[in-house]
Amino acid sequence: MFLPFFLELKAAKIPVSLREYLTLVEALETGLARFDVEEFYYLARASLVKDERHIDRFDQVFSHYFRGVEAVSGETGIDARNLPEEWLRRMAEKHLSDDEKKLIDSLGGFDKLMETLKQRLEEQQKRHQGGSKWIGTAGTSPFGAYGYNPEGVRIGQHESRHRRAVKVWDKREFRNLDDTVELGTRNIKVALRRLRRWVREGAADEFDLPGTIQATAEHGWLDVKTRPERRNAIKLLMFFDVGGSMDDHIKVVEELFSAAKSEFRHMQYFYFHNCLYEGVWRDNQRRRQELVSTEELLRTYGPDYRVIFVGDAAMSPYEIVTAGGSVEHWNEEPGQVWLGRVLDHFHKVAWLNPVPEAHWGYTHSTALIRQLFSDRMFPMTLSGLETATRQLTR
């Protein structure tokens with residue numbers, strides 16, 4: 001019965017194999033997930049998904065294929081006297097034939113719809129279901145949920161059914177999907193794993209199982225060996241654009257910062273605004289008093305550091321190409337001069353842009369930054385971050 005589910009996963013480009021499917025079937029035969037869709041979900045995900053990047057896509061297929069399936073309490077069936085409320089609501093939904101839908105007229109335009117809604121809100125005193133006038137459910141009124149009207153206002157319904165609503169009066173939550181969307185901390189960590197170079201250094205305080213086995217076999221007695229802990233030797237330097245238009249991207253930049261801090265032992269970071277000039281800072285609350293000289297930074301950190309700039313590159317072109325062009329102070333040298341010094345000093349540099357790549361062409365400054373970085377600007381998506389990390393490890 002789960003073969004169509006397996007085929008849908010394959011159709012969604014999730015790399016599942018027949019061996020993994022048979023493993024899932026064997027696990028079900030042993031009773032690992034009985035009468036509980038949540039247990040089955042985790043069992044199926046553990047059996048069929050090999051890469052964290054495919055979890056979101058798996059969730060979509062699972063939700064589509066098993067839509068409406070609920071956990072069954074007990075092993076003998078459902079207690080008919082205790083039906084879930086959601087099931088009862090579904091029974092009341094309005095389902096009309098195409099001919100019946102043609103008989104229902106719209107109110108005649110957006111203005112008329114909004115005016116009538118205002119009147120209904122003023123006049124209505126109680127809940128309605130199945131009607132054609134009041135705000136309610138399972139009817140043909142233009143206002144409400146789980147009914148039908150050629151154009152109306154959807155109120156209190158968590159998803160679209162007929163795609164006819166001209167207004168949705170609800171807080172709408174959308175889920176990020178796959179590797180072409182804005183990042184979450186988990187996905188960022190998956191992408192950053194490419195930016196690793198493992199070494200063993202420091203005190204030998206980690207138990208070395210293979211070495212112990214080898215030494216014991218050679219000497220004939222238990223010869224315990226230790227070794228230095230394996231660490232990521234990549235050194236990372238990050239510059240974060242803050243303020244202004246970057247306020248729209250705070251969430252995703254915070255997720256990137258959190259993931260990078262947890263993944264890299266040797267990581268340093270600084271802030272700048274719009275473009276790099278003669279100074280950067282570590283604390284936004286004290287950036288006027290505790291400015292770090294960019295020249296000093298170039299003397300402190302060697303060329304072996306990987307460097308990532310994070311910003312939307314949206315600014316006046318004068319901030320990049322003209323002395324005094326900075327919006328906050330008088331810069332003696334243009335921003336492109338300072339960016340050029342960084343690019344000359346560090347061998348591996350990339351720029352991550354939280355703005356969708358399709359919109360980069362709308363701002364002249366973005367084109368200037370891309371030119372300075374020799375097209376090493378990447379979108380802040382999972383695939384964009386993976387491309388950037390490959391560039392930084394070459």
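Residues numbered from 1 in each chain as written. Predicted model: local features only at pLDDT ≥ 70, side-chain atom pairs only at ≥ 80, totals over all residues. Heavy atoms only, no water.

Leu 237, Phe 239, Phe 309 and Phe 346 are the most contacted members of the largest nonpolar core, which totals 30 residues. For this core, the elements supplying multiple residues, two or more each, are strand E10 (235-241), strand E11 (266-272), helix H11 (294-300), strand E14 (306-310), helix H13 (335-345), strand E15 (348-353) and helix H14 (364-372). Broken down by element, the residue count for this core peaks at four residues, all from H13. Residues in contact with Phe 346, not counting those within four places in the same chain, are Leu 237, Leu 298, Tyr 301, Gly 302, Pro 303, Tyr 305 and Val 307. By size, the runner-up hydrophobic cluster in this structure holds 23 residues, among which are Leu 236, Met 246, Val 252 and Tyr 269. (Core = buried A, V, L, I, M, F, W, Y, C linked by side-chain atoms within 4.5 Å. Buried < 20%, exposed > 50% of the residue type's maximum accessible area, 1.4 Å probe, protein only. Helix = DSSP H or I, 4+ residues; strand = E, 2+ residues; numbered from the N terminus. Contact = heavy atoms within 4.5 Å.)

Two numbers describe how helix H2 (residues 18-29) lies on helix H3 (residues 37-48): the axes approach to 9 Å, and their chain directions differ by 145 degrees. When the axes of H2 and H3 are compared, the crossing they make is right-handed. On H3, the residues that touch Glu 20, Tyr 21, Leu 24, Ala 27 and Leu 28 of H2 are Phe 40, Leu 43, Ala 44, Ser 47 and Leu 48. Split into classes, the residues belonging to the contact of H2 with H3 amount to eight nonpolar, one polar and one charged. (Axes fitted to C-alpha atoms, helices over the stretch in contact; angles between N-to-C directions. Left-handed = near helix turned anticlockwise from the far one by under 90°. Nonpolar A, V, L, I, M, F, W, Y, C, P; charged D, E, K, R; others polar.)

Tallied over the entire structure, the rule returns eight salt bridges. Residue Lys 235 is joined to Asp 304 by a salt bridge in which the shortest nitrogen-to-oxygen separation is 2.5 Å. Here the residue Lys 235 occupies a position in strand E10, and Asp 304 occupies one in the loop between H11 and E14, the gap between them amounting to 69 residues. Notably, a salt bridge pairs Arg 299 with Glu 296, separated by 2.7 Å at the nearest N-O pair. Taken together, the residues Arg 299 and Glu 296, both in helix H11 and three residues apart, mark about one turn of the helix. (Salt bridge = Lys/Arg side-chain N within 4 Å of Asp/Glu carboxyl O.)

Turning to the pairing of E10, a few remarks are in order. Taken across its seven residues, E10 has six buried, putting it largely inside the fold. Both E10 and E11 contribute to a ladder of seven bridges, which runs parallel. The residue bridging Leu 236 from the neighbouring strand is Met 267, located in E11. As a crossover connection, the stretch from E10 through helix H10 (residues 250-263) into E11 is right-handed. When E10 meets E14, the two strands line up parallel, connected through five bridges. If you follow Phe 240 over to E14, its bridge partner there is Val 310. (Pairing = 2+ DSSP bridges. Right-handed = clockwise from strand over helix to strand, strands pointing away.)

Moving on, we get to the packing of helix H1 (residues 3-11) against helix H4 (residues 55-65). Close contact between H1 and H4 brings their axes to 10 Å; oriented N to C, the two are set at 145 degrees. Crossing geometry of H1 relative to H4 is assigned as right-handed. Packed against H1, whose contacting residues are Pro 4, Phe 5, Glu 8 and Leu 9, the element H4 presents Phe 58, Val 61, Phe 62, His 64 and Tyr 65 at the interface. Residue composition of the contact of H1 with H4, by class: seven nonpolar, one polar and one charged.

This next bit is on the packing of aromatic side chains. Summed over the entire model, instances satisfying the criterion amount to 22 aromatic pairs. When the centroid spacing of 6.0 Å and the interplanar angle of 35 degrees are considered together, the rings of Phe 58 and Phe 62 count as tilted. Here Phe 58 pairs with Phe 62, and both are found in helix H4, just four residues apart, close to one helical turn. Accessibility assignment for this pair places Phe 58 and Phe 62 in one class, buried. For the pair Tyr 269 and Tyr 271, a centre-to-centre distance of 6.0 Å together with 75 degrees between the ring planes defines the contact as edge-to-face. For the residue pair Tyr 269 and Tyr 271, the accessibility class agrees, reading buried in each case. Counting every residue linked through ring pairs, the aromatic cluster contains Phe 239, Phe 270, Phe 272, Tyr 301, Tyr 305, Phe 309, Trp 351 and Phe 373. Cation over ring: Arg 282 sits above Tyr 269, and NZ or CZ is 4.2 Å from the ring centre. (Phe/Tyr/Trp six-rings, centres within 6.5 Å; stacked < 30°, edge-to-face > 60°. Lys NZ or Arg CZ within 6 Å of the ring centre and 35° of its normal.)

What you tend to see is this: most non-glycine residues have negative phi, and most peptide bonds are trans. In this model, Ala 313 sits at a positive phi of 60 degrees, which is unusual for a non-glycine residue. With respect to the secondary-structure elements, Ala 313 resides in the loop between E14 and helix H12 (318-321). For Ala 313, a relative accessible area of 0% translates into the label buried. Backbone geometry places Ser 374, a non-glycine residue, at a positive phi of 50 degrees. Following the sequence through the fold, Ser 374 ends up in the loop between H14 and strand E16 (377-379). For Ser 374, a relative accessible area of 54% gives the class exposed.

Confidence in the prediction for the protein chain averages 76 pLDDT; 66% of positions are at 70 or higher. Within the protein chain, no element has a lower average pLDDT than strand E6 (residues 198-200), which sits at 44, and none a higher one than H13, at 95. Confidence drops under a pLDDT of 50 for residues 163-182, and excluding neighbours within four residues, the segment shows 48 contacts in the predicted structure. (pLDDT = per-residue confidence, 0-100.)

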